[in-house]
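So the chains spell out like this:
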Amino acid sequence: MSLNAPGAASPARIELKTLGHRIRHFRLDRGMTLDDLGAAVGVAGSQLSLIENGKREPKLTLLQAIAEATGIAMTDLISSEPPNRRAALEIELERAQHAHSFRQLGIAPLKVTKGLSDDALETVLGLHRELQRRDREANATPEEARRANTELRLRMRERHNYLPDIERLAEQQLGQAGHTRGALTHRTVSIMAERLGFDLIYVNDLPSTTRSITDLENGRIYLPPASIPGGHGLRSMALQAMAHRLLGHQPPTSYADFLQQRLEINYFAACCLVPETAGVAFLREAKKDRNLAVEDFRDAFGVTHEAASMRMTNLMTEHLGMSLHFLRVGGEGQIERVYENDDLPLPQDVTGAVEGQIVCRRFSARTAFEQQNRTTEHYQYTDTPAGTFWCATQTGSRDTGDFSITVGVPFDDAKWWRGRETQMRASSTCPDESCCRRPDPSVTARWAGRAWPSARVHTHIFSPLPRGNFPGVSESDVVEFLERHAES
């Protein structure tokens, strides 16, 4: 019978390395050599050496014989605790050198000898502990990511979603490239890249984990080919790649740092596509005419409805003194992207995160899905515990399903917007669950015990976020891509 076979004295699996150290400790404590103990228990000393080094699992009968020969209780022999400080250090090092975070470095493991001091072991283990700490920090869990994202959202709320330094940087770059008015052209974006020493190269074989790759050695920014000729996507991706260089970004040291960098490059791209001076002038004129509309702002600068909506959150509080909210909501009601500084009541989890929460069924962001004509904006007033809000919502579709884009303001500011005359009105009492999450008691009673829904599990919630300085990016794919294109 082996030590860990059914019926063994200890049902818990004993780590062989620890067991080996304990056998050696008690053998030496009794002044016995390997051959002495081997003769006492009826096995060769070489066989005992393999057991003491954790390379062979002993049978229970042999362990009982060793315990008797060394004069100790069986429970003491098979204890899971290292017998002394030196053994604890060696066992910890053994585990550390088998960890994935160490093996992926390609470094040969340190061989522990009698001549290696305890101090040296402590130093090496200190390095391993730091490596593991950094690995855990980089491998953010979904909860850690939500916390980092929430902290960033709240910081931007305090700043009215406005970053003046990046606004000035974008206007400077545009001016030097000769852009004065109108929609930003692909040609101007190329000139901006050339001024930074980069050529824009469009390729079909970008790794699926990347949006763009910047070759710093050869001065190239690789982008995918345009799926929609003239679309703003490629301009935005090129501008984001340039922003990393202009803002002096270094490889992020945490997931929060990664999110901050992503926000900054997106902000720079938005500033270039809708420059502050021209954007504010457009919005002020529209407000004066009581004709503010996302669709007009969108068309004036040749960007997407979502980009125009988000750019409004950058400019309107700072320059027009108007608080507002922005929502991108999926077809199932889940909040995918959010900004608010007008106190719109939104669902939150225990970390304060809003993304992923289900928005009220009464909100325009969801009632817009029910409209027959979904090609135009849906306008609606919604009474909430925090007051009444006016909203304009545009719906769309993509490979993963429907979505809606909403911009809204408190009731008093609706007078500046097109669509304020709408008769559509709803009432929401969320977060009170009786508003839209809890069915009528009579209906609940009718179906109690008579229905069994099978829930769909979103498996990504069980997974940690991708590790590394650039979460989600395959380093090997990027290197192989650059090697293919370096000589082309």
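Right above here is the structure, for reference.
Residues numbered from 1 in each chain as written. Predicted model: local features only at pLDDT ≥ 70, side-chain atom pairs only at ≥ 80, totals over all residues. Heavy atoms only, no water.

## Section: the side chain of Gln-173
Tracing the sequence through the fold places Gln-173 in helix α10 (residues 164–176). The residues contacting Gln-173, other than those within four sequence positions of it, are Met-192, Leu-246 and Phe-268. (Helix = DSSP H or I, 4+ residues; strand = E, 2+ residues; numbered from the N terminus. Contact = heavy atoms within 4.5 Å.)

## A closer look at the pairing of strand β8 (residues 401–410)
Burial analysis of β8 places eight of its 10 residues in the buried class, which makes it a mostly covered element. As defined by bridge partners, strand β4 (residues 325–330) adjoins β8 across six bridges and the pair is classed as antiparallel. Looking at β8, one finds that Val-329 is bridged to Ser-404. Judged from the 10 bridges that link them, strand β7 (residues 387–398) and β8 form a sheet pairing that is antiparallel. Among the inter-strand pairings, Phe-389 is bridged to a residue of β8, identified as Pro-410. Two successive antiparallel strands, β7 and β8, enclose a turn made up of two residues. (Buried < 20%, exposed > 50% of the residue type's maximum accessible area, 1.4 Å probe, protein only. Pairing = 2+ DSSP bridges.)

## Re the pattern of salt bridges
Tallied over the full model, the rule gives 24 salt bridges. With a closest N to O distance of 2.5 Å, Asp-29 and Arg-30 form a salt bridge. We classify Arg-30 as partly exposed; its relative accessible area is 37%. Residue Glu-340 is joined to Arg-157 by a salt bridge in which the shortest nitrogen-to-oxygen separation is 3.0 Å. One end of the pair, Glu-340, is in strand β5 (residues 335–340); the other, Arg-157, is in helix α9 (residues 142–158), and 183 residues separate them in sequence. Given the relative accessible area of 12%, Glu-340 is considered buried. A cluster of three or more residues bridged by salt bridges with shared partners is formed by Glu-306, Arg-328, Glu-336, Arg-337 and Arg-398. (Salt bridge = Lys/Arg side-chain N within 4 Å of Asp/Glu carboxyl O.)

## Describing the sheet that holds strand β3 (residues 220–223)
Within the open sheet, the three strands sit side by side as β1-β3-β2. Their pairing is mixed. Every interior strand has two partners, whereas the edge strands, β1 (199–202) and β2 (213–215), have only one. Shown here is a sheet whose adjacent strand axes are inclined to one another by a mean of 25°, direction ignored. As judged from the three bridges shared by β2 and β3, these two strands associate in the antiparallel manner. Residue pairing in the sheet places Ile-213 in a bridge with Tyr-222 of β3. (Axes fitted to C-alpha atoms, helices over the stretch in contact; angles between N-to-C directions.)

## Observations concerning the sheet that holds strand β9 (residues 425–427)
If you trace the six strands from one edge of the open sheet to the other, you get β5-β4-β8-β7-β6-β9, paired in mixed fashion. Each edge of the open sheet carries a strand with a single partner, namely β5 and β9. Ignoring strand direction, the axes of neighbouring strands in this sheet form an average angle of 25°. Pairing of strand β6 (residues 378–384) with β9, which is carried by three bridges, proceeds in the parallel orientation. Within β9, the residue paired with Asp-383 across the bridge is Ser-427.

## Re unusual backbone geometry
Across residues other than glycine, the phi torsion is negative in most instances, and most of the peptide bonds are trans. The omega torsion of the bond from Cys-430 to Pro-431 falls at 20°, within 30 degrees of zero and hence cis. Mapping Pro-431 onto the fold places it in the loop between β9 and α18 (441–447). With a phi close to 60°, His-160 is a non-glycine residue in the positive phi region. With respect to the helices and strands, His-160 occurs in the loop between α9 and α10. Look at Asp-343: it is not a glycine, yet its phi comes out positive at around 70°. Here Asp-343 shows up in the loop between β5 and α17 (364–367).

## What to know about the side chain of Arg-153
Looking at the element boundaries, Arg-153 is found in helix α9. Apart from the residues within four sequence positions on either side, Arg-153 is in contact with Val-338, Gly-352, Ala-353, Val-354 and Glu-355.

## Quick notes on the packing of aromatic side chains
On inspection of all chains with the given rule, the structure shows seven aromatic pairs. Summarising the aromatic geometry, the rings of Tyr-255 and Phe-258 are spaced 5.5 Å apart at their centres and angled 45° between planes, so their arrangement reads as tilted. You can see Tyr-255 and its partner Phe-258 sitting in helix α13 (residues 255–273), three residues apart, about one turn around the helix. Residue Tyr-255 is classed as buried on the basis of its relative accessible area, which comes to 16%. With a centroid separation of 5.8 Å and 45° between ring planes, the pair formed by Phe-282 and Phe-297 is classed as tilted. Of the two residues, Phe-282 sits in helix α14 (residues 276–288) while Phe-297 sits in helix α15 (residues 294–301), which places them 15 residues apart along the sequence. Accessibility expressed as a relative area gives 28% for Phe-282, which makes it partly exposed. Assessed through its relative accessible area of 1%, Phe-297 is described here as buried. These aromatic residues form a ring-pair network of at least three members: Phe-282, Phe-297 and Phe-301. (Phe/Tyr/Trp six-rings, centres within 6.5 Å; stacked < 30°, edge-to-face > 60°.)

In short, the description is geometric, and any link to function would need to be established separately.
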